Amino acid sequence: MPKRKRDIDPEEAKKKVLEYCLRKGALAAGVADLDAINRIAPAGHRPNDMMPRVKSVISLGVGGQTQGAWTVPAKAMAFFGSTEGRAYTIAYGLSFFIERTFGERAIYTPPDIDPELGPRVPLQSLKLHAEMAGIGARSLAGDILLHPEYGYMYFASVFTELELPPDGPMRENPCPAPSCVSMYRSIGRTPCMKFCPVQCLSGTIDEDGNQAEMNYDMAACAEMTQQYETISSVMNEVMSAASAEERESLLHKPEHKTLWYKMSVGSGGLLAQCFECMRVCPIATQAPLADPIRRLEAAEDAAEEAAE
Amino acid sequence: MAGYTLYDQAGVTEDMVEEFGERIFRMSHNIQTRIGDPYRMKDWDEVDAQREGMGLTDGEIAVKLDLEVEQVTFIRTLFESRRFRTGHYKRLYKLGGGKRYRPEREN
Ligand code: SF4
Ligand code: SF4
């Protein structure tokens, strides 16, 4: 336990915490409502299952890739498309900032899986933290969070014993975008549903243009990200091969050999990734501040307006 | 130790995988259905009503199926691996750079 009890103004502390996030490169940051997280997250995956005296959950989001990244082939983007490492670095720094500034305990929340439960169950839901902090809302693309200004972000969380006033979830959900509603009215699907390479998304939109139902086959999506059971599945196929020739060809076919390459160079933190639903999502790609070029243009517009 | 497999340790037989695998898989968060936007709206009745649709934990599934949680975890993770198709990933190789997925091209 910290030795001294300090007189901290929670509003002031929150301001400093959020300023830190933005100064270090986050596009958005907020404090999640801990009671709401506890109400939603299942036992074993609540913040106090990780940090017993947690009082606040801070969530921050960094921007997705550059505008140019959306133009490259999927097999290339798989190597560099996600920017989550930047979010984790800021969160890591924030946990130190909180301890040295306020003298209250803080942790970088590991975004990792629960080792007791296999690779599909995270220790904590960073998505839920971000949603309850009001920096993203669930989309029809398998509940990927979207933001009306920043589009598609990567999130990181910090838990702390510092008391901070919480924000609420976003008032409006930007998904589906108007163009998605039009497409849905004409063909019964939205762009993310239509162009998902394993067709793992479906859903409905109500008469007011809001999400009515979202269906997501996460297991099929996992096959495209390759971060889950690919290696062990390939090994199982290799070991069950009927002949030496089959075993050899399974082991050495280009996409399988590439897995060993990726593991040996530690490629991108994950083995591979799929961005096809976000590639066609108008919010992810065209939100006003979705990429560095749009943010530059917005800053230039603002400067021009101020000069007039 | 001869004959002492992970099945034995988890107290699971192949018949149990056969009997419960698909159900456990569907009750888990491998398959998710959300109606409306209940988390954002903090609609607690709906949050509770949709727990199974959004995916139960192994502990919650164990209670519903009268199994031990270790049995559920074992069956779920085994079933996930058995369903996993390693060949789908190469679909991505043809996409991007202006090309979108079209199911008709798969055949
Ligand atoms: S990441 Fe790929 S596989 Fe997963 S939902 Fe999006 S388009 Fe489909
Ligand atoms: S393409 Fe984007 S905005 Fe449109 S429905 Fe899908 S996730 Fe929502």
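Just above sits the structure.
These remarks concern the structure in this document.

### Observations regarding the overall build of chain A
Looking only at helices and strands, one finds 15 helices and 8 strands in chain A. For chain A, whose C-alpha radius of gyration is 21 Å, the value lies close to the compact-globule estimate of 19 Å for 308 residues. Across its three principal axes, chain A shows a C-alpha extent of roughly 70 × 50 × 40 Å. Buried residues in chain A amount to 53% of all 308 residues. Relative to all contacts within chain A whose residues are 6 or more apart in sequence, the contacts with residues 24 or more apart total 70%. As displayed, chain A has an accessible area near 14,100 Å², and 53% of this comes from carbon and sulfur atoms. Across chain A, the 31 positively charged side chains and the 41 negatively charged ones have centroids separated by 6 Å.

### Comments concerning the site of ligand 1
Close to ligand 1 lie Cys196, Pro197, Val198, Cys200, Leu201, Cys221, Met224, Cys274, Glu276 and Cys277 of chain A, which account for all nearby residues. Its residues assigned to classes, the shell around ligand 1 shows 9 nonpolar, no polar and 1 charged.

### With respect to the pairing of strand 2 (residues 56-63) of chain A
All names here are of chain A. Most of strand 2 is tucked away, with 8 of its 8 residues classed as buried. Side chains Ser56, Ile58, Leu60 and Val62 project from strand 2 onto one buried face, and the interleaved Val57, Ser59, Gly61 and Gly63 project onto a second face that is buried too. In this structure, strand 1 (residues 28-32) lies alongside strand 2, joined through 5 bridges in antiparallel fashion. Bridged to Ala29 within strand 2 is Leu60.

### Considering the environment of Leu67 of chain B
All names here are of chain B. You can see Leu67 is positioned in the loop between helix 5 (58-65) and helix 6 (69-83). Distance in space between the C-alpha atoms of Leu67 and Gln32 is 22 Å, their sequence separation being 35 residues. Those residues in contact with Leu67 that lie beyond four places of it in its chain are Met16, Phe20, Ile24, Ala62 and Val72.

### A short note on a negative patch on the surface
Residues and elements named next belong to chain A. Together, Glu297, Glu300, Asp301, Glu304, Glu305 and Glu308 make up a region of like negative charge exposed at the surface. Structurally, Glu308 is set in the segment after helix 15 (292-307). Take Glu308: its relative accessible area is 79%, and that puts it in the exposed class.

### Topic: helix 12 (residues 254-265) of chain A
Residues and elements named next belong to chain A. In this model helix 12 runs 16 Å from its N-terminal to its C-terminal C-alpha over 12 residues, within 8% of the 16 Å that 1.5 Å per residue would give. Residues of helix 12 that are buried: Glu255, His256, Leu259 and Lys262. Buried residues in helix 12, looked at end-on, bunch into an arc of 110°, giving them a common side. Residues of helix 12 that are exposed and point more than 90 degrees away from the buried face comprise Pro254 and Ser264. Buried residues in helix 12 make contact with helix 4 (74-80), helix 10 (230-239) and helix 11 (244-252).

### Overview of the interface of chain A and chain B
Many descriptions give the size of an interface as the accessible area lost when the pieces come together. Across the contact, 61 residues belong to chain A and 43 residues belong to chain B. Of the roughly 4,400 Å² buried between chain A and chain B, counting both surfaces, carbon and sulfur atoms make up 53%. The largest share of the area that chain A buries against chain B comes from Arg39, Arg120 and Glu223 of chain A, three residues that together contribute 15% of it. In this assembly, chain A and chain B are joined by 5 salt bridges. Put simply, Asp143 of chain A and Arg34 of chain B hold a salt bridge, and the shortest N to O gap is 2.7 Å. Scanning the region where chain A abuts chain B turns up 25 residue pairs in polar contact (both at pLDDT 80 or more).

Conventions used here
Residues numbered from 1 in each chain as written. Chains lettered and ligands numbered in written order. Predicted model: local features only at pLDDT ≥ 70, side-chain atom pairs only at ≥ 80, totals over all residues. Heavy atoms only, no water. Helix = DSSP H or I, 4+ residues; strand = E, 2+ residues; numbered from the N terminus. Rg over C-alpha atoms; globule rule 2.2 N^0.38 Å. Buried < 20%, exposed > 50% of the residue type's maximum accessible area, 1.4 Å probe, protein only. Contact = heavy atoms within 4.5 Å. Areas by Shrake-Rupley, 256 points an atom, 1.4 Å probe, with all protein chains shown as cover. Lys, Arg positive; Asp, Glu negative; His and termini not counted. Charge placed at Lys NZ, Arg CZ, Asp CG, Glu CD. Near = heavy atom within 4 Å. Nonpolar A, V, L, I, M, F, W, Y, C, P; charged D, E, K, R; others polar. Pairing = 2+ DSSP bridges. Patch = residues over 30% accessible without salt bridge, like charges linked within 9 Å, V, L, I, M, F, W, Y side chains within 5 Å. Salt bridge = Lys/Arg side-chain N within 4 Å of Asp/Glu carboxyl O. Expected span 1.5 Å × (residues − 1). Arc of directions from axis to C-beta. Buried area = accessible area lost by both parts, 1.4 Å probe. Polar contact = N/O pair within 3.5 Å; in protein donor to acceptor, adjacent residues only side chain to side chain.

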